[in-house]
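Tertiary structure, described
Here is what each chain is made of, one letter per residue.
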Amino acid sequence: MSYDRPYRGGGNRRRHRDDYDDRRRDTYESPADKLKNAIIRFGEVDVLEELPRLEKQIRESTPHVIPNLSEAFRIAVTEQPYKIPYYAALLRRLHDSPEEDAGDTSDISSLGKQILEDFWKGFQAYLDKLAWRETRLCIHFFAHLAVAKLIATDSLFGLLQSFTAVLEEFGVSHGRAKKAAVCAAEGLMIAGPALKSTSAEHVQEIINAIQAYNDTVTSPKLLVGPVLKLYSDEVSSNADELLDTVLQTLRILDESDFAETASSFSQPYTGYEDPDPATFTPYNLPSVLVPPEVIELDGLSTDSGEDAQVKKEEWPEYFLPLFDNDITPDPKTPAGYAVHTGLFDILDIFEVNRKECARLLLEYPKWTISGTFKPKPGGEVVPEPVPGKDWQLESTIIENILGAYMVLPESSHKSIYYISLITELCKLSPSTVGPAVGKSIRKLYSMLGDGLDVEVARRFAEWFAVHMSNFGFQWVWKEWIPDLSLAVQHPKRAFMRRALEFEIRLSYHDRILKTLPAEMQAPEGNTISEQAPGPDFEYDDPAKPHHDNAQSVLNLFRGRAKAEDVISHLETLKTSLETSDDGGLVNADVLIRSIAIQSLLHIGARSFSHLLNAIERYLPLLRNIASGGVSSAGGSGNAEAKADILTASAAFWKHNRHMVAIVFDKLMQYQIVDPTDVVGWTFINRAEIRELVEATGPLSLSAFEWDLLKGALDKANGRVMIARRKVVVLRKEEDDTRARVKASGGADGMDVDAEEKAEDESPAVDSPALTTALKAFASLTREQKGAMSRTLDGFVSCLAPAATDSNPNPYSRVVISEDGWNERAGWEKDQWNAWETWGWYRQFCRSYAPYLRNYSTTLSTVSFAKFEGSTDPAAELLKKTWNVATGQE
Amino acid sequence: MNQRPIANFELCTGELLGGVRKRIRLSPLDQPSNYKDSQTRVDRQKQNDLLSKSTTLYIGNLSFYTTEEQIYELFTKCASPEDGGGIKRIIMGLDRNTRTPCGFCFVEYYTHAEALASMRYVSGTKLDERIIRCDLDLGYKEGRQFGRGKSGGQVRDEHRQDYDPGRGGWGAQAQRLEIERRREVEERYADAQDGPGAVAGGGGDWKEAETSGNESRLKRGRSPEDEGDSMRLGQRSRLDEDVDAERM
C-alpha cells in the first residue's frame, strides 16, 4: 500500500477549513493559570533539562498557592500518565529545602510535601467517585514516590491492600474486581523494589489475593477469547487475558526481587540523594476504603417482577497479539506490560481528540527507557539497542489499537474511534505506519479459518473497508487470489466478500470493482457482485405476471393518491384476483402485500430520504397492510402480514443488503413491524430469497443475518432505555412538584414529622403522563423479552435441530467436535455455515448478557425444555454457553 | 429547588463542552466551530444552548456525487441504537435551481451523543475520497436544504477558483465514470419539493398503538400529533431563525 500522497487537498481555502477544529481560542491567562499550564506542559521539549527550570519557576512564584499547584499535578498525572515518573522527580526536588533557606531550621513542611498532602485530597475525591482510571494513575504516582522515598512504604501497602480487599467482597462484579486488581498490581509493579525490601510477605499477599480472585474466573473466559475452540473447555492460548498477564508480570518481577522494575518503568529520580532521615519523615498515606458500587434504584421492574435494570457486565479482557515478541513487546513481561498499559491509557484518555492521540502515540518513545524502541532512522544519537527490547514503534502502536478494538464482547469505545485513530496515524507518518497496518491486515487475515472469532472477523472487515476508504482503496488484492480455491463460505472468502461489500457501501460498485484483479471480478470468483446493487422491482417487466396490477398501484403512488384510495384499490384488486377465471389465487393476500410494498419501495428507491417520504406519506396504508387488512385494527398487527412485508422488502432489495437493513430499521422505527417480527423473519423467512443470503441451504446465520438480528435487538433495547428515562424524568418532576407544594404548604413544612403525616393523608397519584409512560415501559419490556426469546429459539432450532425439523443443518454437531474441527481443511459451505452460526450464538449470549440475565430463567426454561435429559452435544453446548453468559456457571 | 447549584452549573458547562469537563491540555474535537451567521437573530448564548443539545450535524465538503446511502453507512458508525439512537434522517443539500446535490447535507440523529461522536471520529476523515467536515448544527428548518449561492449552489462554490471534479468542476475532461454517476445524480432529486412536509421527519419515539383511532381522535380534537412527525418537527425547528445553511 502506498501512503505517499495522503490527502492532497484542493485549494488553500479548503485546507484552512479542514483544519478548523485545530483552532484554539485565545483566552486570558492569570499568573496562577500560567504556572499551572507550565506544570502541565512540562517536558514537551526536553524533560530532564526542563526539570530544574520548572522547579525554580514554581519556587519563585510566591506566594505559593498550594491547591493551584496540586491541581496542576493532579491534571498532569491523570491526563498524561506517560509523564508520571517525571512529576514524581519534580515533586521529589520540591521536597528539598531551597539552598538559601538551608540554614533555616523552621519546621514548616517543604513545598513538595504540602503539594503531596493536597494532592491526596484529589485522589480521595477520585476514589469516592470510583473514577477508576484516575484512581489507578494516582496510585502509579504514589508508587513512584514510594521508590523516591517520599511516601512511607507501609502506608502504600495499606493503600494497595484496600484494593485487594475489593476482590474478597461478596458477589463482587467482575468489572469492579478487575479494576481494583489492576490498581493494586500496577502499584506493586512500580513500587516493588521499595515494597519487597520492606516486606516480602506483604508482596506475596497482594499477588496471592489477585491470583485467588483470578482462579474463580474461569468459565467466562470461554466466551470472550478472540480465537475459539468450540470443542474444548480450554481457553485458547493465542491471546492474553488481562489478569493473567498482570499475574505473570508480577511473578517475573517478584522472582528477581523487582530488579526488572528499573528496566521497565522510568525512574528519573533514582539518582537523587535520599532525603535526610534526621529531618525528613516520609508521608503516610491515610487509609482508605474503596466505596461500594452505586446501584441505581429506580424501582422499575417488568410485569413478571423480574428486574429489568441493565447493568453492563464486564468480561475478562483478552488481548490479541499480532506480532512476534522481538517486533512488539509481550505484555506478559514487565517491560512489555509497561508499554502495553502505557499505550492503552493514551488510547483511553485521548479518545476525545484522535489527532492529539495519534501525535502522542508516535511520540511515546520519548517517555520510555532509552532502547525500548528502535530509534528513528536518521536520529542524531543512536542508542545501543537493549537486548530483548528494541521494538518497532508503529507495529506496537497498531497492535495495541487493534487489540483494544477487538476486545469482546465489545470494545470500550466505538469501533470508528479506533479506525479513525489508525487513519490519523497513517496521515502523520505514512511511510512508517503504513507498512505496520499492511502487516497487521495480513496477520489477521491469516488467522481467518483457524478459529478467529466471528465478531472479531466482522470488525476486521469493517476496519479494513473504512481504512481503505480513507486511502484510495489501495489494497493488493492479488495476493489473495489463491484463496479463491477455498470453500465459498470459508472465513477468508467470507471476509473478502464482506470487506468489498462494506467498501461499496462507502463508495460505489464500479469504483471498487476497478480495484480488483480479473480473477476476483469474474462471476465465478464469487467475490463481488457483477452489477451495482440496485433495486429489483419484481413486476417491472411487462412479461411478468401481475405487471399490470402492479402498474396500477404504482401509478396511484406516483400520482400521490391518498392512502385510503390506495387501500380501496388494493381491496378491489384482491377481489378480482380471488375471483379471476383461472381459478383464483390460493393466497391473494400475499400477492397484494408484495405488490403494494414493492411498489411503495419503488417510489422510495431513489434515496434514503425518498424512502422516508414514501413511508411517511403512506403510513395508514402500511398500518393497514400490517394489520392483515383489518382496518383500524390496533395493537401489534398480524404476524403473517408483517412477515410478508419484510419478505417483499427483502425481495425488492435482494441485491443490496445494506438497503434491506435500512428498510427493516425504518419499518421498525415507524412501528409497521416490531423487532420480534424481524427476528422471526431472519431465522425463518429470509431463506425464501436466495440472492440475499450467503447461508442458503440448511438453516444457519452469516454476518448479514446477524446484522439484521442485532438491528432488531438493539431497537428493542433502545426503546426500553428511552421509556425508562422518560419514567425517571417524570417521576422526578412529580416528586419535585409534590415537594414544592409541601414546602409552600404551611409553617410546619420544615417539620419532618408533619411532612410524613401529609404524605399519609394524600397518597401519591401518578399523573396521566407518568401512567402512560409506565404503560409504555411495560409494553416495551414485553417486546424486548419477546425479541430475546425469539432469538434464543431461533438459535436453538439452527444449532440443535431435530431430524424432523425442516432443512436442518446436518453439521451443527460435527463442527463442535474436536475431530470435526481438525478436518476443517475439507469443510464445505454447510460446515462453515454451521460453525459461523455457533459463533453468532456466542456473540448473542455474551453481548446481550446484561439483558438476558433479567430473563434468564423464563427464557431458558422455554427454549431448552426439549433438551431435558438429552446428551446431545449441541444441546449441551447451547446450554453451557447460555449459563456462562447469564452467570449461572 | 436548586439543591446543588454549583454542581449543576458544572454539569451544564461540561455538557456544553461535549460531556468532557474543560481541560487545559485536552481539547476535544467535538466542540462546535466558531461559525456564526452574521444575519442570525439568535444570540451566541441561545445558539450555544441549542448546540449543547443538538442532534443535527452539518456536513460539508461532500462530493456532488455522494449519495445518502454512503452518508448513512459512514454516520451509522457513530450511532448508538441500543441507547435509543440511530440516524433519524438525512437532508441532502440541493442546488436551488437545478435540484442537484451541491456538496453539503444535514445528518440528524436521535441523540446528542451520536452527533458528538461524529464530531470526534468522522469529521476530518474521508467519504467518497474527500475529507468531509462536520459541525454541530442548530437543527434543520424548512428551506435550508437549498444552496444560497447566486447560481443556486453553495456560496463557497460561487467563489471557488480551483478545479474540483467532485464538486461540479467537470466538463470535457470529466471522467467517463463520473458522467454515469452524474446522470443518476441529476435525476435523483428532480422531484424535490419545498414547502412544509417536503422533507420526511424520520420517525419519532415509540408510541402505544391506538386501539380505535377515529374515536380517540375525535375526543382529543386536533393536536399537533395528528399531523404526523414531519409537521411536529417543522414546528419545533422554527425555534431558530435565519440560520444560514451555508458556512464557510
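Model, not experiment: these values are computed from the prediction.

Quick look at the overall build of chain B
Tallying secondary structure elements over chain B gives eight helices and six strands in all. Mapped in sequence order, the helices and strands of chain B form the string α-α-β-α-β-β-α-β-β-β-α-α-α-α. The proportion of buried residues among the 248 residues of chain B is 58%. The long-range fraction of contacts in chain B, counting pairs at least 24 apart against all pairs at least 6 apart in sequence, stands at 73%.

Here's the deal with helix α12 (residues 242–255) of chain A
All names here are of chain A. Helix length check: α12, at 14 residues, gives a terminal C-alpha distance of 20 Å against a target of 20 Å (1.5 Å per residue), a fit within 8%. Looking at α12, one finds that the buried residues are L242, L243, T245, V246, L247, T249, L250, L253 and D254. Contact partners of the buried residues in α12: α9 (174–198), α10 (200–216), β1 (240–241), α13 (261–264) and α14 (334–349). Between a side-chain oxygen at the N-terminus of α12 and the backbone nitrogen of L243 the separation is 2.7 Å; the capping residue is E241. Of the residues flanking the end of α12, it is D257, one or two places downstream, whose phi is positive at about 50°.

Overview of the nonpolar core
Of all hydrophobic cores here, the largest spans 305 residues; its most connected members are F142, F163, Y841 and F844 of chain A together with F75 of chain B. Here the element with the most residues in this core is α9 of chain A; it accounts for 13 residues. By size, the runner-up hydrophobic cluster in this structure holds ten residues, among which are V720, L770, A773 and L780 of chain A.

Side note on the domain arrangement of chain A
The accessible area lost on association of the parts is a frequent measure of interface size. Residue and element names in this part refer to chain A. Partitioning chain A into structural domains gives domain 1 (31–98 + 109–264), domain 2 (354–525), domain 3 (535–648) and domain 4 (653–740 + 766–889). The distance between the C-alpha centroids of domain 3 and domain 4 comes to 29 Å. Counting residues at the interface gives 19 residues for domain 3 and 19 residues for domain 4. For the pairing of domain 3 and domain 4, the buried interface totals around 1,800 Å² over both sides, and the portion due to carbon and sulfur atoms is 72%. Considering only the side of domain 3, the residues that lose the most area to domain 4 are D536, L646 and T647, jointly responsible for 32% of the buried surface there. Where domain 3 packs against domain 4, one counts three salt bridges. Inspection of the domain 3/domain 4 interface yields five residue pairs in polar contact (both at pLDDT 80 or more).

A closer look at the packing of aromatic side chains
Residue and element names in this part refer to chain A. Under the defined criterion, the tally for this structure stands at 52 aromatic pairs over all chains. Relative to W480, the ring of F464 lies with its centre 6.2 Å away and its plane at 40°, an arrangement referred to as tilted. Residue F464 is found in helix α19 (residues 454–470), and its partner W480 is found in the loop between α19 and α20 (491–506); the two are separated by 16 residues along the sequence. Of the two residues, F464 and W480, both sit in the buried class. When the centroid spacing of 5.3 Å and the interplanar angle of 10° are considered together, the rings of W706 and W840 count as stacked. With W706 in helix α31 (residues 703–743) and W840 in helix α35 (residues 829–847), the pair connects residues that are 134 residues apart, well separated along the chain.

About the cut-offs
- Residues numbered from 1 in each chain as written.
- Chains lettered and ligands numbered in written order.
- Predicted model: local features only at pLDDT ≥ 70, side-chain atom pairs only at ≥ 80, totals over all residues.
- Heavy atoms only, no water.
- Helix = DSSP H or I, 4+ residues; strand = E, 2+ residues; numbered from the N terminus.
- Buried < 20%, exposed > 50% of the residue type's maximum accessible area, 1.4 Å probe, protein only.
- Contact = heavy atoms within 4.5 Å.
- Expected span 1.5 Å × (residues − 1).
- Polar contact = N/O pair within 3.5 Å; in protein donor to acceptor, adjacent residues only side chain to side chain.
- Core = buried A, V, L, I, M, F, W, Y, C linked by side-chain atoms within 4.5 Å.
- Domains from an automatic or database assignment.
- Buried area = accessible area lost by both parts, 1.4 Å probe.
- Salt bridge = Lys/Arg side-chain N within 4 Å of Asp/Glu carboxyl O.
- Phe/Tyr/Trp six-rings, centres within 6.5 Å; stacked < 30°, edge-to-face > 60°.

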